Amino acid sequence: MAQPELDSGYYLQHFNELLQFVVQHYQSVLTPDSQVFIDDFTALSESAQQLLVRMLNRKGLVFSDTELQYAEIGPTGPVLDELTAAGFVAPLTEHDLADFWLRLTKDTLWQLLQLAKNQFSESDWKAQVADLAIKKSQTKPLLLGAALNLPVNWLPLIAQLPQRYLVLRRQDTLNYLYFLYFGRIEANLSLFTLRDLGIRQSGQFKQQFQPRFTEASQAQLAYQLAKAKPAIHDLAKQLKKQPDNAPTELQNWFNKVSAWPAAESGSADEALQLKRSERCYQLGKLAEQCKLNDLAINFYQLSNGFPASERLVRLYYSQEKLVQCQQYLQQLLADPSCDEEWLFAEDFYRRKFNAPKGNERRSQLSQLLHDAPEIGVDELYLGQAEQGLMAHYQAQDYTVFHGENNLWLALFGLWFWHELFEHQHSALHNPFERRPRNLISGGFYQQFSSEIEQKLQQLTAVNAASTLLAAITANYGKANSLFYWHSDLAEQLMPLIQFAPQNTDGSSALAPILRAMAQDFKRHASGYPDLLLIKDKQLQFIEVKAPGDKIQRHQLARLMAMQQAGFKARIEKLQWIVDPNRIYVVLDVETTGGKAANDRVIEIGAVKVQAGEVLDTFSTLINPQRYIPSFITRLTGINSAMVSEAPTFAEIAGKLSEFLQGAVFVAHNSKFDYGFIRSEFTRLDMPFAMPQLCTVVNMRRYYPGLQSYSLGKLCEEFDIKLTNHHRALDDATATVELLKLINARRCAPELAPK
């Protein structure tokens, strides 16, 4: 279906729509500057409004009049004069030059350099540019670097250019208006455009909106916190380049955040307190990275709760402040802010202050993973651990779903749909919002506690399944930022309602899980077990861990909470089963370069192996339909002439796919070879997915301690014949011998290194 065409003045309509919404809902929190901005904008001519909004919706702050030509606006000179008189744009100043240089084209930069040349005598100019690359043939970055090294006052020279340059002003005031509408820092009004084009759905839920802020101090603090997030990100990048500035910059930030007011517990400002804590935590991590541990401690002390509390404990301990560390841990154990904080504090305290001698190093998470039962799964599912365990239980007549977080988020979202999205007091504040703003702060439960508790009691009602099904049917497909819809969602959710255990008081085991999500959504929105198993009306939940995986603390917290609620929930470790009759295809590719997304395959060599015996081989040059670089020719011996008559990948794709069918994909650095083969199939819109075995990884695992694990060095080490290195079939044939070495130890665990 064709997209709708937008009216030529659509962008101004969007801006006016936003301003009208802000005036209607946020009059009480408008600053004097923002009110003047609205009044001044309203007083502009329509052409001036159009041009200003055009500029606001483009990247950058600096514009030349030559790039502001729009048919619906007409000549820009008088319009820019009007915008300048109203204070919306202004001539360049020294402060704006950084943005100006970014905006500049190479041609204009060259014009400026010629104007600069006129400032010098010929001898002085030669002296100035002796060490600078000032030639028209040079790239723009080199020319710009040279320009910035010249002792020139650029503003008068810029004024001599035929273009007129102006810079946007009042940006902070504009950003505040945007923030009031969106609740976050937005660069433009692209969401409105996507809505009008039918790409972005809006207004699916409620139509009447209440303001997110009712007090000016509250709104302005929220805006400062929102601005701080990208500013801290920029600071991190700056300090990587200029680490010596860290003490001054971070101390300035500490002074700033110390002045931010803290909210009282239970107040309407609790969401702001959470944001404030997050910013302090981010700054604390940055201080730690810069080895400013005392300053990091100061930041973490301003941040409430976990994970700042963990960093504080670890810093106290590393600085040998053991009494302070122990006391703080005891405080966390007595009054933890969340399950993860208690788990960390209990584990750290036990290992560092109360552990039996000789058992200090194994954490609770490591112990839990160590004690988990092991399930043997065919190595065909390498890289697809969940699918492997699903197949294992499906073979035992279980109904198995890969539910993970989405299963619980969907149940939460659908059971409380009205309060989240449709209630007149739900925390959606404009038609574009898809997640209530009060979920993260915990305000959702405070606001709707009686309705939530009533609905939690209804989980055991006779009609509970019908209620859930009605919510799915009524709202299916409505875009939201809590969970995603899929065709099996009802099939997964209905058993939760129907077969969830009941506690002795008659309540559903689902109730404490959903209540925790309502009270502290941020902590309880993730970490849920991967699989849901159903058999004989019994539910089981399994967290799947493949070899090398770690259990995360929030996953442990969810497992414990589910067990306490009455569910059967556990970890299961996978152990790959090596079938001695497994078929492997050992493959090697030669390519035009190192990036699968851009480069192409020029040769494939593959060897099919079973029980150490070669069953078949596949080898061909490939016409990459592009020039083969000389360095590749030097490496492989393959040049463009050699592949000119070779088949394209499309011509051999079917035969290769058949050759690979039902096998494990093996390569030396399989990520490289697999990535190239997958990219080639993707270009043909052909599906490609295989279990992988990397001989580099496994040689490191089963034959540790070697100086090099390159194919050439391993062949030398183990006396493997490799006569034509960097030709695909020869490399693949040598890699077969590495596979045999690996499988010799994989099939005999007693030979594997401990």
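Residues numbered from 1 in each chain as written. Predicted model: local features only at pLDDT ≥ 70, side-chain atom pairs only at ≥ 80, totals over all residues. Heavy atoms only, no water.

## Side note on the sheet that holds strand S6 (residues 531-535)
Each strand in a sheet pairs with another by means of backbone hydrogen bonds, the pair being arranged parallel or else antiparallel. The cut-off we apply is this: Two strands make a pair as long as DSSP finds a minimum of two bridges between them. Strands are runs of DSSP state E lasting at least 2 residues, helices are runs of H or I lasting at least 4, and numbering of each runs from the N terminus. In this description, a line fitted to the C-alpha atoms serves as the axis of each element, helices being fitted only across the stretch in contact, and the angle between N-to-C directions of two axes falls anywhere from 0 to 180 degrees. Whether two residues are in contact is decided by their heavy atoms, any of which lying within 4.5 Å being enough.
The 5 strands lie next to each other as S4-S8-S7-S6-S5, forming an open sheet whose pairing is mixed. Strands with a single pairing partner mark the edges of an open sheet, and in this sheet they are strand S4 (374-378) and strand S5 (399-402). Strand-to-strand, the axes of this sheet are offset by a mean angle of 35°, without reference to chain direction. Note that strand S7 (residues 538-545) and strand S8 (residues 568-577) share 6 bridges and pair parallel. Each bridged residue has a counterpart across the sheet, and for Phe541 the counterpart in S8 is Ala569. Contacting S5, S6 and S7, helix H25 (residues 489-499) runs over the sheet at an angle of about 125° to S7.

## Comments concerning the UniProt feature "domain: Exonuclease" (unreviewed entry) in the protein chain
Rules: UniProt positions are given in the numbering used here, feature names are shortened, and annotations may be inferred rather than shown by experiment.
The positions that UniProt labels "domain: Exonuclease" (unreviewed entry) are, in the present scheme, residues 583-748. Annotated as 43% helix and 21% strand, the span residues 583-748 places its first and last C-alpha atoms 18 Å apart.

## Structural notes on the nonpolar core
This is how the line gets drawn: Residues belong to one nonpolar core when they are buried, are Ala, Val, Leu, Ile, Met, Phe, Trp, Tyr or Cys, and are joined through side-chain atoms within 4.5 Å. Here the term buried applies to any residue with accessible area under 20% of the maximum for its type, exposed to any over 50%, and partly exposed to those in between, with areas from a 1.4 Å probe on protein chains only.
Ranked by internal contacts, the top residues of the largest apolar core, which has 87 residues, are Phe15 and Leu250. Among the elements that take part in this core, helix H12 (residues 216-241) stands out by supplying 10 residues, more than any other. If we ignore the near neighbours within four places in the chain, the residues touching Leu250 are Leu235, Leu239, Leu283, Leu286, Ala287, Cys290, Leu292, Leu295 and Phe299. Residues Phe401, Ala471, Leu496 and Met517 belong to the second largest nonpolar core, which totals 63 residues.

## Some points on the packing of helix H10 (residues 171-182) against H12
The condition that has to hold: For classification purposes, an angle smaller than 35 degrees is called roughly parallel, one larger than 145 roughly antiparallel, one from 65 to 115 roughly perpendicular, and anything else oblique. Only Asp, Glu, Lys and Arg are considered charged in this grouping, and only Ala, Val, Leu, Ile, Met, Phe, Trp, Tyr, Cys and Pro are considered nonpolar; every other residue, Gly among them, is considered polar.
In the contact formed by H10 and H12, the axes pass within 10 Å of each other and the chain directions differ by 105°. By the angle between their directions, the pair H10 and H12 is classed as roughly perpendicular. On H12, the residues that touch Asp172, Asn175, Tyr176, Phe179 and Leu180 of H10 are Ala219, Gln220, Ala222, Tyr223, Ala226 and Lys227. Broken down by class, the residue content of the contact of H10 with H12 amounts to 7 nonpolar, 2 polar and 2 charged.

## A word on the layout of surface pockets
Over the atoms a probe the size of a water molecule is rolled, and this reveals where empty space is left. Using the following cut-off: The distinction between a cavity and a pocket rests on a 1 Å grid over the protein atoms alone: a 1.4 Å probe fits inside a cavity but cannot get out, while a pocket stays open yet meets protein on both sides within 12 Å along at least five of seven lines, and a residue with an atom within 4 Å of a point counts as lining. Grid points are joined across faces, edges and corners, and a volume is the space filled by probe spheres set on the points.
Roughly 1400 Å³ of volume is contained in the largest pocket. Lining the largest pocket are 48 residues; nearest its centre among them are Arg212, Ala271, Arg437, Asn438 and Ser441. For the lining of the largest pocket, the element with the most residues is helix H14 (residues 270-289), which contributes 8 residues. Across the lining of the largest pocket, the residue classes break down as 17 nonpolar, 16 polar and 15 charged. Around the second largest pocket, the lining comprises 34 residues; the ones closest to its centre are Leu382, Pro547, Trp576, Asn698 and Arg701. Among the secondary structure elements, those contributing two or more residues to the lining of the second largest pocket are S8, helix H32 (670-683), strand S13 (692-694), helix H33 (695-702) and helix H35 (728-746). The residue makeup of the lining of the second largest pocket, split by class, is 19 nonpolar, 7 polar and 8 charged.

## Some remarks on the environment of Trp408
Following the sequence through the fold, Trp408 ends up in helix H21 (residues 404-415). A residue is classified by how much of its surface remains accessible, and Trp408, at 1% relative accessible area, is buried. The spacing of Trp408 and Leu493 is 85 residues in sequence and 8.6 Å in space, taken between C-alpha atoms. Once residues within four sequence positions are removed from consideration, Trp408 is found in contact with Leu496, Leu510, Ile513, Met517, Tyr528, Phe541, Met562 and Phe567.

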